Amino acid sequence: MSADRETNLDMTHRDIALLLAEAADEVEIGIAPTQAVIRGGRRRRARRWAAAAVTALVIGGSTGALAVAGVPGEDGNRGAAVATTPSVSADLLKPRSTALAVGREEGTEWSVTLDLWTAPQDEQQARAQLEAMDEYGMRPNGVDTASDLVGRSTYFVGMTFGGAYSEIMQNAFDETSQDPTLVTAAVPLDPDTSGPDRLVVGQVAKGAVGISCTWKDGTSTEFRRADAGRTVGTDEAAITSVEGSPVDWFVCLAPKGKAYESARVMVPPLPSGAQKS
């Protein structure tokens, strides 16, 4: 390109055509359109930045024509102020995990864990939570659409035995849920075997003071509410409270070779001097 051409402001159409031809000669055709994708992404980011800038002007009370008119969307149409998606709190996108019990049998470690999801308050939060559940591999039974999660705290109880995870029970609580008298599920300690059902997981009302798990041979294991200083997640059976759960939880394990028969809530002892009616 000549120096005269660079400085001459009265360029002819022919000059412009020559410039375009020279630029075309320098173009290289790549194997894949990677750079085009990157450039496209940069353009989209630039548009989002511009939209954010206009939104800031509107919020700041600018009276300029740009702030009043808005900016074109990607479809080219002018619209009102740029809509923003309200953020979803982090506690909705991951469960609160609590170890209800841990133990070891013949060198194999086992544990029972409760995963409790906070109740979303609207459909947008529910959609985000349902996507997060899918990422965790947790899909609630009976949930066809995200709206089914609104106002409900969903829980999953699972067991890990020797590093292998299996689900024991799942469901959801809502504002109308009532404290259960007793809800239990019994499974083999080793999920790869056909039994016996030795491991018992249960829900009990907040006011319960004790549980008795009866085994099929007629023997039983009794335990009460955990002391305030007890660490949740030991192999000692106890009733434990979990933050965010409307019910309390317990895990009891039958001695080896025995199987679960039933469970009952123990009646609290009468005050001294009182008589049974």
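Residues numbered from 1 in each chain as written. Predicted model: local features only at pLDDT ≥ 70, side-chain atom pairs only at ≥ 80, totals over all residues. Heavy atoms only, no water.

## Structural notes on the overall build of the chain
Here is the rule: Secondary structure follows DSSP: runs of H or I at least 4 residues long count as helices, runs of E at least 2 residues long count as strands, and numbering of each begins at the N terminus. Each residue is assigned to one of three classes by its accessible area relative to the maximum for its type, calculated with a 1.4 Å probe on protein chains only: buried under 20%, partly exposed between the two thresholds, exposed over 50%. Contacts: residue pairs with any heavy atoms within 4.5 Å of one another. Note that accessible areas follow from Shrake-Rupley with a 1.4 Å probe, and for residues the cover is restricted to the protein chains shown.
Of regular secondary structure, the chain possesses five helices and ten strands. For the chain, with 277 residues in total, the buried portion stands at 32%. Excluding contacts between residues fewer than 6 apart, the proportion of contacts in the chain whose partners are at least 24 apart in sequence is 54%. Here the chain has roughly 17400 Å² of accessible surface; of this, 52% comes from carbon and sulfur atoms.

## Observations regarding the pairing of strand β6 (residues 197–204)
Basically, it comes down to this: Pairing between strands is defined by DSSP: at least two bridges between them are needed.
Counting buried positions along β6 yields seven of eight residues, so the element is predominantly enclosed. Both strand β5 (residues 183–188) and β6 contribute to a ladder of six bridges, which runs antiparallel. Directly across from Val187, in β6, lies its bridge partner Leu199. The sheet contact formed by β6 and strand β9 (residues 248–253) spans six bridges and is antiparallel. Along β9, the bridge assignment pairs Val201 with Val251.

## Some words on the nonpolar core
Note the cut-off: The criterion is simple. A nonpolar core is a set of buried Ala, Val, Leu, Ile, Met, Phe, Trp, Tyr and Cys residues joined through side-chain atoms within 4.5 Å.
One finds Val112, Val157, Ile168 and Trp249 to be the most contacted residues of the largest nonpolar core, which totals 22 residues. Secondary-structure elements contributing two or more residues to this core are β1 (96–105), β2 (108–117), β3 (153–161), β4 (164–173), β5, β6 and β9. Core analysis: the next-biggest nonpolar cluster, separate from the first, contains 13 residues, Ile211, Ile239, Ala254 and Ala263 among them.

## Regarding the pairing of strand β7 (residues 210–215)
Each regular strand carries side chains that alternate between the two faces of the sheet. A large share of β7 lies buried, amounting to five of its six residues. Taken together, the five bridges between β7 and strand β8 (residues 220–224) define a ladder with antiparallel strand orientation. Residue pairing in the sheet places Thr214 in a bridge with Ser220 of β8. Hairpin connection, β7 to β8: the antiparallel pair is bridged by four residues, and Gly218 has positive phi, about 95°. Relative to strand β10 (residues 260–265), β7 is paired through five bridges, and the arrangement is antiparallel. In the sheet register, Ile211 faces β10, and the bridge partner there is Val265.

## Focus: the packing of aromatic side chains
As a reminder, the rule being used: Working definition: a ring pair exists when centres of Phe, Tyr or Trp rings (six-membered ring for Trp) sit within 6.5 Å. Plane angles under 30 degrees give stacked, over 60 give edge-to-face, the rest tilted.
Counting across every chain of the model gives five aromatic pairs. With 5.5 Å between their ring centres and 90° between their planes, Trp117 and Tyr136 make a pair best called edge-to-face. Taken together, the residues Trp117 in strand β2 and Tyr136 in helix α5 (residues 123–136) connect sequence positions 19 residues apart. A residue is classified by how much of its surface remains accessible, and Trp117, at 0% relative accessible area, is buried.

## A few points about the sheet that holds β1
The cut-off we apply is this: Interaxial angles span 0 to 180 degrees and are taken between N-to-C directions of axes, which are lines fitted to C-alpha atoms, for helices over the stretch in contact.
Read from one edge of the open sheet, four strands run β1-β2-β3-β4, paired in antiparallel fashion. Both outer strands of the open sheet, β1 and β4, are each paired with one neighbouring strand and no more. Across the sheet, the axes of successive neighbouring strands diverge by a mean angle of 15°, strand direction being ignored. By the bridge criterion, eight bridges tie β2 to β3 in an arrangement that is antiparallel. By the bridge assignment for β3, Asp115 is matched with Phe156.

## Quick look at the confidence of the model for the chain
The line we're drawing: As a per-residue measure, pLDDT reflects the predictor's confidence and takes values from 0 up to 100.
Taken over all residues, the pLDDT of the chain has a mean of 73, while the share at 70 or more is 61%. Scored below 50 in pLDDT, residues 26–85 shows 28 contacts in the model against residues more than four places distant or in partner chains.

## Side note on the state of the cysteines
Under the convention used in this document: Here, two cysteine sulfur atoms that lie within 2.5 Å of each other are counted as a disulfide.
By the definition in use, this model includes one disulfide. One disulfide bridge connects Cys213 with Cys252, the sulfur atoms lying 2.2 Å from each other. Taking the sign of the S-S torsion, -80° for the link of Cys213 and Cys252, the bridge is left-handed. Here Cys252 lies in strand β9 and Cys213 lies in strand β7, a separation of 39 residues in the sequence. For Cys213, a relative accessible area of 0% corresponds to the buried category.

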